[in-house]
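Examining the three-dimensional arrangement
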Amino acid sequence: MRSWLVNAFACVITVMALHPAVAKDTTARVNTIRCSSCNDWNRPQVPFRVYGNTYYVGVHGLSAVLIATSKGLILLDGGLPQSIPLIEANIRKLGFQVKDIRLILNSHAHFDHAGGIAGLQRDSGAVVIASTLGAQALRNGQLGQEDPQYNPSEKSGFPKVPQVRGVQDGEKVNLGDVSVTAYLTPGHTPGSTTWAWQSCEKKRCLSIVYADSLNPVSAEGFRFTGGSRHPDISSQFQQSIDRVSNLPCDILLSVHPDFSDVFEKLERRQKGSAVNPFIDPQGCRTYASTANRRLQERLSLEQVKTGK
Ligand SMILES: [Zn+2]
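Right, let's walk through the structure included here. Every chain is numbered independently, its residues counted from 1 as its sequence is written. Side-chain atom pairs in this predicted model are given and counted only at pLDDT of 80 or more, local residue features only at pLDDT of at least 70, and totals for whole chains, interfaces and linings cover all residues.

**Points about the overall build of the protein chain**
A count of helices and strands for the protein chain gives 9 helices and 14 strands. Whether two residues are in contact depends on their C-beta atoms, placed from the backbone: they are in contact if these lie within 7 Å. Expressed as a percentage of contacts within the protein chain between residues at least 6 apart in sequence, the contacts between residues at least 24 apart total 65%. Labels follow the DSSP assignment, with helices taken as runs of H or I lasting at least four residues and strands as runs of E lasting at least two, numbered in each case from the N terminus.

So, in structure tokens, the structure goes:
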């Protein structure tokens, strides 16, 4: 019973978050997306170094990660449109320049991670890169019909990104001395991508994973086990979870920072922890096992509903 209630509640939250209204903010000259969680997500966050040349430059509830290479900057994700001035200010606070962003990589094409990308591309001239399916959604500025959260009666759009390069599974994106690998992890969206690279400190190089969401949330009526309008994607989703679990992973970052306890780790470091709390070789496995539990709960609910 409780899980039904929790599920129903989560659905309401999801649906509310998915009905964003876009309004023109004339003072900041950016489109503002309004949703039930948007103000909370978009709280300012002081930027910080995670490890080596990898920095957190996002807002408090939506990650944006910066990698400083020998030939310019790589930015992962762009938050909401109204996150743009905060992300850009964070980049400058760390001593970098927005015009030096060469590449912007996207985890998945939802308004809360891709909403700021068009503006960040405009301000920096960077090349935007996403999975082939993610690139399509970015160009359209809205979810594809195969997206679990697609709702034909609601627009959950974001500013269109005119120029996007699509990458395949396993493709490496290189800039200067950094190589970032795209791992397709479909489930939360069809184009979901987890990105991984190495960062070094004093010749100690660690594997960093920027994991996409593995949350099985959807619009009303969608079934991960398949329905009249869409195929069964449950085993594909399971493979994505297994894949993240098995990646070389010394440091886990995630599209919402609380999915990987980023601020608890930051606090431990600020309290003078002798070892870098972001280093956690179990991080990806723990993240994947939570996702696995959620997926199994969701799949059993779908079976209960259809009386299987
Ligand atoms: Zn999402």
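**Observations concerning the sheet that holds strand β11 (residues 178-184)**
The criterion for strand pairing is that DSSP finds at least two bridges linking the strands in question. Read from one edge of the open sheet, 5 strands run β10-β11-β12-β13-β14, paired in mixed fashion. Either end of the sheet is taken by a strand with one partner, and the two such strands are β10 (172-175) and β14 (251-254). The sheet shows a mean angle of 25° between the axes of neighbouring strands, direction not considered. A fitted line through C-alpha atoms serves as each axis, taken over the contacting stretch for helices, and the angle formed by two N-to-C directions is quoted from 0 to 180°.

**Examining the environment of isoleucine 67**
Secondary-structure assignment places isoleucine 67 in strand β5 (residues 65-69). Expressed as a C-alpha distance, the spacing of isoleucine 67 and isoleucine 101, which sit 34 residues apart in the sequence, is 9.4 Å. With residues up to four places along the chain from it excluded, the contact list for isoleucine 67 reads Asn53, Thr54, Leu73, Ile74, Val178 and Trp197.

**Quick look at helix α7 (residues 234-246)**
Here the expected span of a helix is defined as 1.5 Å times the quantity of residues minus one. In this model, α7 (13 residues) spans 19 Å end to end at C-alpha, consistent with the 18 Å of a helix rising 1.5 Å per residue. Exposed residues have 12 or fewer other C-beta atoms within 10 Å of their own C-beta, buried residues have 20 or more, and partly exposed residues fall in between, where C-beta atoms are placed from the backbone. Restricting attention to buried positions, one finds in α7 the residues Phe237, Ser240, Ile241 and Val244. For α7, the arc enclosing every buried residue in end-on projection is 95°, short of the 170-degree limit, so these residues lie on one face. Among the exposed residues of α7, those oriented more than 90 degrees off its buried face are Ser235, Asp242 and Asn246. Here the arc refers to the directions that run from the helix axis out to each C-beta atom.

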